[in-house]
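Each chain, written out:
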Amino acid sequence: MTHTDAGAELDPVHPVPVPARRAPGLSTAEVADRVARGEVNDVPVRSSRSLGEIVRANVFTRFNAIIGVLWLIMLFVAPVQDSLFGYVIIANTGIGIVQEWRAKKTLDSLAVIGEAKPTVRRDGTAVEVSTSGIVLGDLIEIGPGDKVVVDGECVEADGLEIDESLLTGEADPVVKRPGDAVMSGSFVVAGGGAFEATKVGREAYAAQLAEEASRFTLVHSELRTGISTILKYVTWMMIPTAIGLVISQLVVKQHGFKDSIARTVGGIVPMVPEGLVLLTSVAFAIGVIRLGRKQCLVQELPAIEGLARVDTVCLDKTGTLTEGGMDVTELRPLGGADETYVRKVLGALGESDPRPNASLQAIIAAYPDSEEWRCVESLPFSSARKYSGASFSEGNGESSAWLLGAPDVLLGADDPALAETGRLNEQGLRVLLLARAAGELDNPGVTRGAEPTALVVLEQRLRPDAAQTLRYFAEQDVHAKVISGDNAVSVGAVAGKLGLTGQVVDARQLPSDQGEMAKSLDEGTVFGRVTPQQKRDMVGALQSRGHTVAMTGDGVNDVLALKDADIGVSMGSGSEATRAVAQIVLLNNSFATLPSVVAEGRRVIGNITRVATLFLVKTVYSVLLAVLVACWRVEYPFLPRHLTMLSTLTIGIPAFFLALAPNTERAQPHFVRRVMRYSIPGGVIAGAATFVTYLIARHYYTGKGSLEAETSAATLTLFLISMWVLAIIARPYTWWRITLVASMGAAFVVVLIVPWLQHFFALKLVGVTMPWVAVGISAVAAVALELVWRLVDRRVPA
């Protein structure tokens, strides 16, 4: 059988159009000539930052600049052990660079796997090439779901409709005819055709769009925004505190200028929670690597966090809950139609569409084409219309036009065939109606007067992992909403087979008002007959009620909703359009990967919240100690080496392990408030108890070496209180958490008993009374911490 191509022209003898000659495209020699002239679409699409950008982002930060200056000062005025904090910065920065470089390589390789290859005509043959292999003048074939990768001019069009919403914001698809401009960055939603590339490389808008869509970015997230807010306030507090500390220490000159400067720097350095931002980036980067091993492409890092915060998942049935393939299970002729003739019609319809969807592919497999039938005109399937069609010359002189689509769209509300369709839909079967059209296919009212001829019953293949994944979301209190363009009863039956229960709603009855729609969405679970624009409206309505919404999909009709959702999730086998706008692409097409993404996000958010408390308790007690020292006009009790050791044992090493540990706690909002409600009272208790110990020690110790003894007693107090904070943060206890806390305590004991470590850290407990006083004060502070922690949990909202 043959069918008309775009550009068909009338033969003067025969009244039926005959196909125009298909354009052959460029020859091999023409392609080589254009490559030699540099007319190639060779703009590199980076999926991540370059190595230079990674190094600059991790090295040239405001806090590294502050610490770097202080480090240089310490190298000149104090022993090397007082400069250890600088080496810690180098180590942390190095870890950040290495981890992000590893994540970059993982993401780059996955991005190549997920890249779609456009089809071009060369020497009269359709071949697939990489996007960078397109040259100026190439003839590129496009069909439903394809992305237009370069700017061009339409040459052939067969019912070609293109969605330019990502460029213009207009949701309605644009019908394209030969001679019309085709813009890169748009997507085909119906029909097919070909266009000639008129702008390639950096001249085409697609180069910028594609790079932006697949970039490894650290975009807006509550976690990173919260940390930035905290650090901004810390910076403002640090400046006046540091000035007061410098003045007070320079006034106290008994131990010399250099020692005063060393103790001043020792008071300033711990105010900066420099490891927190770095640790967050490392946690995100490791999350990308872990998910990459599961064939999950994370196009934006905070998408991991975003999916963990999601409380509503909108699922597209086809491709998400069901596999792409379908099978014809039954053919039911209507009105006494001849089944043999109906089979011929279906075979001809299958052959008339050069890019059949899943339903038509099942029909093609079930009913072979009839060679004597010739397609005169075709109407490609559109998700907005819900039907496709074709006109045929049947070979015996007869002509006919046929429609194939949703029965409830093609039939009147009182047609008896609808009752039969409803019964089949209740069994989870998909039903298409074959109807004989009474008028021209391009007539908007072609469905009126159509004669029902047969029902085609299809069965969808359920994804084996869908039921388990839906159970996971239910257990995690994440509401699943099935949103499909198919019949609502049929979709509800499929959802029921997967264990998803709830109200089934026909989306055509949904109110247009956003508030009323949101109410209906909260009450319903399964929504059928949803148009692409409705999917977008439904996402917006859910968001208006404060929901964090994830949208999954694989078809071009899902693009608008994916783009507007908080998190868009696309299947790897989905259209180029969906992969371009989604933040997460499941390259293995497995819906079961989503729980892994949620778990990874919860691990990052929960653990960073834990370790942020550790870092900020240190910031609070450092600021308080500096203020108290300035007010009392005494020497700062610590040298940088003391605080470096304390930070390493009570924050640095434990935070690294805690940040990467498993964590299944549900993500909670208000990150800054949740962290500060613990950090402020914890830091105040730690700072006040330490300063009390220091003042008592100043009265207890006299004579030569008294300052070192006073510092040691204060260090012991601060270490014990910090260890108690760590012990609280590490809950609930597991064997490795207990081991982690115990090993940090053992390391401190080693420092106290090994002579050369005592000398290195200028730390030696003198006598028995004062150390036990320090232990007693620490015990009182630990009790206060427990009481405050519990009071905060009960009285201070998160």
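Residues numbered from 1 in each chain as written. Predicted model: local features only at pLDDT ≥ 70, side-chain atom pairs only at ≥ 80, totals over all residues. Heavy atoms only, no water.

A. Region of the structure containing the nonpolar core. Phe 85, Ile 608, Val 611 and Phe 748 are the most contacted members of the largest nonpolar core, which has 88 residues in total. It is helix α21 (residues 594-632) that provides the largest number of residues to this core, a total of 14 residues. Sequence-distant contacts of Val 611, that is, excluding residues within four places in its chain, are made with Leu 276, Leu 279, Ala 655, Leu 658 and Ala 659. Counting residues in hydrophobic clusters, the runner-up holds 34 residues, among them Ala 466, Val 478, Ala 495 and Val 569. (Core = buried A, V, L, I, M, F, W, Y, C linked by side-chain atoms within 4.5 Å. Buried < 20%, exposed > 50% of the residue type's maximum accessible area, 1.4 Å probe, protein only. Helix = DSSP H or I, 4+ residues; strand = E, 2+ residues; numbered from the N terminus. Contact = heavy atoms within 4.5 Å.)

B. Focus on the environment of Met 723. Tracing the sequence through the fold places Met 723 in helix α24 (residues 706-729). C-alpha of Met 723 to C-alpha of Met 744: the two residues are 21 residues apart in sequence and 8.3 Å apart in space. Not counting chain neighbours up to four residues away, the residues in contact with Met 723 comprise Thr 650, Val 741, Met 744 and Gly 745.

C. Broad picture of unusual backbone geometry. Residue Arg 731 is joined to Pro 732 through a cis peptide bond whose omega torsion reads -5°. On the secondary structure map, Pro 732 appears in the loop between α24 and α25 (735-753). Residue Gln 295 is not a glycine yet carries a positive backbone phi of 60°. Relative to the elements of secondary structure, Gln 295 occurs in the loop between α9 (274-292) and β10 (296-298). Among the residues examined, Gln 295 registers a relative accessible area of 29% and is labelled partly exposed.

D. Expanded view of the pairing of strand β16 (residues 430-436). When you tally the buried positions in β16, you get six out of seven residues, the bulk of the element. Pairing between strand β15 (residues 399-405) and β16: four bridges, direction antiparallel. By the bridge assignment, Leu 404 is partnered in β16 with Leu 434. Judged from the seven bridges that link them, β16 and strand β17 (residues 451-462) form a sheet pairing that is antiparallel. When the bridges of β17 are listed, Leu 433 appears paired with Leu 455. (Pairing = 2+ DSSP bridges.)

E. Quick peek at the pattern of salt bridges. This structure, assessed with the given rule, holds 19 salt bridges. Residue Arg 121 pairs with Glu 141 through a salt bridge whose shortest N-O separation is 2.7 Å. Here Arg 121 is found in strand β3 (residues 119-122), whereas its partner Glu 141 is found in strand β5 (residues 139-142), with 20 residues between them in sequence. Pair check on accessibility: Arg 121 and Glu 141 agree, each one buried. The salt bridge involving Arg 529 is made with Asp 408; its shortest N-O contact spans 2.9 Å. Of this pair, Arg 529 sits in the loop between β20 (524-528) and α18 (532-544) while Asp 408 sits in helix α13 (residues 407-410); the two residues are 121 residues apart in sequence, bridging distant segments of the chain. When sorted by exposure, Arg 529 lands in the same class as Asp 408, which is buried. (Salt bridge = Lys/Arg side-chain N within 4 Å of Asp/Glu carboxyl O.)

F. Local environment of the environment of Pro 511. Summarising the element assignment, Pro 511 is placed in the loop between β19 (503-506) and α17 (514-523). Not counting residues within four places of it along the chain, the set of residues in contact with Pro 511 comprises Glu 516, Met 517 and Ser 520.

G. Expanded view of the sheet that holds strand β22 (residues 567-571). The mixed open sheet is built from eight strands, whose spatial order is β10-β23-β22-β21-β11-β18-β20-β19. Of all the strands in the sheet, just β10 and β19 have a single pairing partner and so form its edges. For this sheet the average axis-to-axis angle between neighbouring strands, irrespective of direction, equals 20°. Relative to β22, strand β21 (residues 549-553) runs parallel, the two sharing four bridges. Looking across to β22, one finds that Thr 552 is bridged to Val 569. Of the strands in this sheet, β18 (479-483), β19 and β20 touch α17, which is tilted by about 110° from β20. (Axes fitted to C-alpha atoms, helices over the stretch in contact; angles between N-to-C directions.)

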